[in-house]
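# Observations on chain architecture
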Amino acid sequence: MGWGDMDPPNGSVGGRSDTCFGAFNTSDGRTDTRNSIASPWFSTAFGLIGLCSNLFALCVLLSSSRKLSSQARSSFLVFLCGLVVTDFMGLLVTASVIIPYHFIKFAWTEVDPGCHLCNFLGFSMVFFGQCPLLLGATMAGERFFGINHPFSRSTSISKRRAWSIVGLVWGFSCLLGLLPVLGLGRYTLQYPGSWCFLTLLPTTGDAIFCLLFALLGIFSVLLSFIFNTVSVVTLCRVYHDRESVQRRRDSEVEMMVQLVGIMIIATICWMPLLIFIVQTVLQQLPASGQIQMLPTETQKMLLIYIRMVTWNQILDPWVYILFRRAVLQRVYPSLRPRPSVLSLYPVLNPSLRRKLTSN
C-alpha cells in the first residue's frame, strides 16, 4: 500500500464532496505536483523490490517449516508466513491499480464515476494496513505466554489453530475495511490523485471511522511493545542467571529478535501516520460541517506518512531473512543450540517434562 507518488488525475473534481472525488482540488497546484512527483519507473522498481523481498521470504519460510520438529517454532512460522503473505498481497493489489494509472493517466471521474475502484483501493489500504499491526500484536502475545507461562498449556499452538488465528485477523480487518461501504465513513481520492484512503474530514461518520482505524492501530503497536518488553526481560534474566546460563534455548531468542525487529519497523513506519490521523480529526471536530475539503498541507503530510508506511511492507520480510539463526550464527559463532526455556524449571515431573519438551 501507499503508492501515492503519481500525477493528479485529469480534470478538476474539487468541490464534489458528495462523491469520492471531493477531498481535494486537483486543479490547485497541478504544475507543482507534477514537478514534485518521482519518476514512474522509480515507483515500479520500488514495488518490484517489495514484491520480490516478500516472495523470497515466503520461500525461505516454507523451506524452514518443513525442517522443524518444534511445534512452538512451527506455529510462530505460521504467523510469520501470514504476515509475509499479507505484505505481498498488499503490495500486489495496490500496485495493480496504481502502477497502470501512473502510465496510462486515465481520468478517475470517467473510469470510475461510481467510485467502485476508489472504494476497492481504499478498502485494500485499510485491510492490508491493519492486518500487519494486528498480526504483530498476536505474535507478541503468543510468545509472551509461551515464554512467561510455559506451563499454562500442555502443548503449543498447533499449525491448524495458528492458521485459524491468522484467518480471524484477516476476517476482522476485512470487516473494518468494509465499514465505509456499509455506511460508516468514506473512501475518497487523495492528493495527488492516484490513491484512495479514509477521509480526514470532521463529519460524524468519517471522524468515527478515522479514529477507529487509528486507535486500533496504536493499541496494537502498544500491546506488541508491552508483550515483547516483558518477554525480552524474561529471556535476559535467563541469560544472566548463573545456574541456567547453560540451559537457555536460542530458538526463543531468535523468535524474540525477529519480533522486536518487526515491532520497531511497525512503530517507525506506522505511528506517525496513526498519530497524525488522530490529531487531524480531533483538531477539526469543532468545525464539523464547515470543512468540506482537506487543507493542502494536510494532504501533503498525509502523502508523506503513507510513503513511510509503504516501507513497512518492504522491510518486514528482511527481518526474517536477516535475523534467522543460520545468519546470526555466522555473525556470532558462539550462538549454538541449547535446551529450552523450560529448563528454568528443573524440578518437574519427568512425564510432564517429556510432554512439554516433545514439541
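The rules behind these values
- Residues numbered from 1 in each chain as written.
- Predicted model: local features only at pLDDT ≥ 70, side-chain atom pairs only at ≥ 80, totals over all residues.
- Heavy atoms only, no water.
- UniProt positions renumbered as here; feature names shortened; annotations may be inferred.
- Helix = DSSP H or I, 4+ residues; strand = E, 2+ residues; numbered from the N terminus.
- Pairing = 2+ DSSP bridges.
- Salt bridge = Lys/Arg side-chain N within 4 Å of Asp/Glu carboxyl O.
- Buried < 20%, exposed > 50% of the residue type's maximum accessible area, 1.4 Å probe, protein only.
- Disulfide = S-S within 2.5 Å.
- Patch = residues over 30% accessible without salt bridge, like charges linked within 9 Å, V, L, I, M, F, W, Y side chains within 5 Å.
- Areas by Shrake-Rupley, 256 points an atom, 1.4 Å probe, with all protein chains shown as cover.
- Core = buried A, V, L, I, M, F, W, Y, C linked by side-chain atoms within 4.5 Å.
- Contact = heavy atoms within 4.5 Å.
- Polar contact = N/O pair within 3.5 Å; in protein donor to acceptor, adjacent residues only side chain to side chain.

### Re the UniProt feature "transmembrane region" (unreviewed entry) in the chain
- UniProt records the feature "transmembrane region" (unreviewed entry) at residues 41–64, 76–101, 121–141, 162–185, 205–238, 259–282 and 302–323, using the numbering of this structure.
- Within residues 162–185, the helical portion is 88% and the strand portion 0%, while the C-alpha atoms at the span's ends are 32 Å from each other.
- Overall, residues 302–323 shows 95% helix and 0% strand. The separation of its end C-alpha atoms is 32 Å.

### Considerations on the pairing of strand S1 (residues 187–190)
- Bridge count for S1 against strand S2 (residues 195–198) is four bridges, and the pairing is antiparallel. In the strand pairing of S2, Gln190 is matched with Trp195.

### Here's the deal with the pattern of salt bridges
- Per the stated rule, a full pass over the model turns up two salt bridges.
- For the salt bridge of Arg143 with Glu142, the shortest nitrogen-to-oxygen distance reads 3.0 Å.
- As a salt-bridge pair, Asp206 and Arg186 come within 3.0 Å of each other at their nearest N and O atoms. With Asp206 in helix H7 (residues 204–239) and Arg186 in the loop between helix H6 (159–182) and S1, the pair connects residues that are 20 residues apart, well separated along the chain.
- A residue is classified by how much of its surface remains accessible, and Arg186, at 25% relative accessible area, is partly exposed.

### So, the state of the cysteines
- All told, the structure shown has one disulfide when counted by the stated rule.
- Shown here is the disulfide that connects Cys118 with Cys196, its sulfur atoms set 2.0 Å apart. Since a negative S-S torsion denotes a left-handed disulfide, the Cys118-Cys196 link at about -115° is left-handed. You can see Cys118 sitting in helix H5 (residues 116–148) and its partner Cys196 sitting in strand S2, a full 78 residues away along the chain.
- For Cys196, a relative accessible area of 0% gives the class buried.

### Considering a nonpolar patch on the surface
- On the surface, a cluster of nonpolar side chains totalling about 420 Å² of accessible area is made up of Phe56, Val257, Trp318, Leu322 and Phe323.
- With respect to the element layout, Phe323 can be found in the loop between helix H9 (296–322) and helix H10 (325–331).

### Considerations on the nonpolar core
- By size, the foremost hydrophobic cluster in this structure holds 83 residues, and its most contacted members are Trp108, Trp195, Phe197, Leu198, Leu200, Phe213 and Ile277.
- With near-sequence residues (within four places) excluded, Leu200 lies in contact with Cys210, Phe276, Ile277, Thr280, Val281, Gln284, Leu294 and Leu302.

### Side note on the environment of Cys236
- Of note, Cys236 is situated in helix H7.
- Residue Cys236 is classed as partly exposed on the basis of its relative accessible area of 38%.

### Some details on the side chain of Thr234
- Summarising the element assignment, Thr234 is placed in helix H7.
- Engagement of the side chain of Thr234 in a polar contact is seen with the backbone oxygen of Val230, the distance being 3.0 Å.
- Excluding residues within four positions of it along the chain, Thr234 makes contact with Ile147 and Asn148.

### Considering the environment of Cys115
- Tracing the chain through its elements places Cys115 in the loop between helix H4 (108–111) and H5.
- In this structure Cys115 comes out as buried when scored by relative accessible area, which is 9%.
- As for Cys115 and Tyr187, which are separated by 72 residues in sequence, their C-alpha atoms are 8.7 Å apart.
- Sequence-distant contacts of Cys115, defined by excluding residues within four places in its chain, comprise Thr19, Cys20 and Phe21.

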